[in-house]
Amino acid sequence: MAGNSQRRGAIRKGASKKGASVGSGGQRRRGLEGKGPTPRAEDRPNHKAHKMAKAASKSGGPSAPRSSGPRAGSSRRGGKASSEIVAGRNSVVEALRADIPVTTMYVAGRIDADDRVREALKMATAKGIAILETPRGELDRLTDGAVHQGLALQVPPYEYAHPQDFIDPQVPGIPLVVALDGITDPRNLGAIIRSVAAFGGHGVVVPERRSVGMTASAWKTSAGAAARVPVALASNLTRALEEYRKAGFFILGLDMDGDVELPGLALATEPIVIVVGSEGKGLSRLVSETCDQIVSIPMAATTESLNAGIAAGVTLYEVARRRAEAKQA
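Definitions and limits used
- Residues numbered from 1 in each chain as written.
- Predicted model: local features only at pLDDT ≥ 70, side-chain atom pairs only at ≥ 80, totals over all residues.
- Heavy atoms only, no water.
- UniProt positions renumbered as here; feature names shortened; annotations may be inferred.
- Helix = DSSP H or I, 4+ residues; strand = E, 2+ residues; numbered from the N terminus.
- Buried < 20%, exposed > 50% of the residue type's maximum accessible area, 1.4 Å probe, protein only.
- Contact = heavy atoms within 4.5 Å.
- Areas by Shrake-Rupley, 256 points an atom, 1.4 Å probe, with all protein chains shown as cover.
- Arc of directions from axis to C-beta.
- Polar contact = N/O pair within 3.5 Å; in protein donor to acceptor, adjacent residues only side chain to side chain.
- Core = buried A, V, L, I, M, F, W, Y, C linked by side-chain atoms within 4.5 Å.
- Axes fitted to C-alpha atoms, helices over the stretch in contact; angles between N-to-C directions.
- Left-handed = near helix turned anticlockwise from the far one by under 90°.
- Nonpolar A, V, L, I, M, F, W, Y, C, P; charged D, E, K, R; others polar.
- Salt bridge = Lys/Arg side-chain N within 4 Å of Asp/Glu carboxyl O.

The name that an unreviewed UniProt entry assigns to the chain is 23S rRNA (Guanosine(2251)-2'-O)-methyltransferase RlmB, with the source organism given as Pedococcus sp. KACC 23699. Quoted verbatim from the Sequence similarities (unreviewed entry) field of UniProt, the annotation for the chain is "Belongs to the class IV-like SAM-binding methyltransferase superfamily. RNA methyltransferase TrmH family."

As a further point, take the overall build of the chain. Helix and strand counts for the chain stand at eleven helices and eleven strands. Residues counted as buried form 43% of the 329 residues belonging to the chain. When contacts within the chain are restricted to residue pairs at least 6 apart in sequence, those whose partners lie at least 24 apart make up 80%. Only carbon and sulfur atoms are counted for the fraction: they give 50% of the accessible area of the chain, which is about 18,300 Å².

What follows is about the environment of E243. Looking at where E243 falls in the secondary structure, it is placed in helix α9 (residues 237–246). Residues E243 and Q164, spaced 79 residues apart in sequence, show a C-alpha to C-alpha distance of 8.1 Å. Setting aside anything within four residues of it in sequence, one finds E243 in contact with Q164 and I167.

Further remarks concern α9. Within the span of α9, buried status applies to L237, T238, A240, L241 and Y244. Buried positions in α9, seen along its axis, are confined to an arc of 160° and lie on one side of it. Of the surrounding secondary structure, the elements contacted by the buried residues of α9 are β5 (176–181), β6 (203–207), β7 (231–234), β8 (250–254), β10 (272–277) and α10 (285–290). Its side-chain oxygen at 3.2 Å from the backbone nitrogen of T238, N236 defines the N-terminal cap of α9. Among the residues trailing α9, G248 stands out with phi positive, at a value near 100°.

Here we come to the nonpolar core. M105, V204 and M214 are the most contacted members of the largest nonpolar core, which has 57 residues in total. At five residues, helix α11 (residues 308–328) tops the list of elements feeding residues into this core. Sequence-distant contacts of M105, that is, excluding residues within four places in its chain, are made with V92, L96, A120, L121, A124, I129, A130, I131, L132, L151, A152 and L153.

Let's shift gears to the packing of helix α4 (residues 89–97) against helix α5 (residues 115–127). As a packed pair, α4 and α5 sit with axes 9 Å apart at the nearest point and diverge in direction by 35°. α4 and α5 meet at a crossing whose hand is left-handed. Every residue of α5 that contacts α4 at R89, N90, V92, V93, L96 and R97 is listed here: R116, V117, E119, A120, M123, A124 and K127. In terms of residue class, the contact of α4 with α5 is made up of seven nonpolar, one polar and five charged.

Turning our eyes to something else, we now look at the pattern of salt bridges. Under the counting rule described, the total for this entry stands at 14 salt bridges. We note a salt bridge from D114 to R116, for which the minimum N-O separation is 2.8 Å. Taking relative accessible area as the criterion, D114 reaches 22% and is therefore assigned partly exposed. By relative accessible area, which is 27% here, R116 ends up partly exposed. It is possible to trace a salt-bridge network through shared partners that takes in E318, R321, R322 and E325.

Given below as structure tokens:
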């Protein structure tokens, strides 16, 4: 009985049947200590961003100076500055044909080369684009799981101009600017840039928020005009329009319920900013209140509205026509 009592006393004092418990030797306490700030993604060797930045730096990408074309580098402002990956054989070939700025082409190892792959490799080599053979698993990560077919391109961030750059443009002619209010389709942006180039415009302004930016799709739709027409980024579109007005511009908004129909526009020969709203919502309230005139395009009663890109093109043509007539008079 005495022996059993002693054993029970030992258990009550902390000695279990399996033996005395062993401490962590301070390992748990050290594990709870802070390890400092988390390194940036670009500084972590196993992170996708580190590999992309390293590849771009070797090819003169966003982290190195480029001279292959205008505005093909890092953005002046942070709102829409981000690189873009174009994935898929057809998309890659079309992007290269459209002369979209590219820093790197990624090719899967042991790719089954067809006509598109051969053409992409030939164009990339001719343009001096870095070509990296990449494991398919890494391509999956780079393209975020998109169907890349073993081929992808890295498009650097677009370098946006400043809205004030258009107040005193470096090219001749009466200042003509197009501003976008709520346009989210990159194909509309590309089409508008193309029309601005065709009809003597000086630039395009896009808001930093709730608006499309210069993507690969916009570059492609512009059919090369994006290399000649600058796009400016405005942190606040209404404030930018007010600055244009102070500089002597007239602000014209496009809307189906306009004060003036396009054929009766008398301000075409003045410095103007044409504001194009979204197809669904039109001009926002603040932007509409900032406009000097709201201009509508006459249409057949059966047509409710025009595509934003087409509406901008029609208006730019009419302005160019009026200015040509005034110059001849």
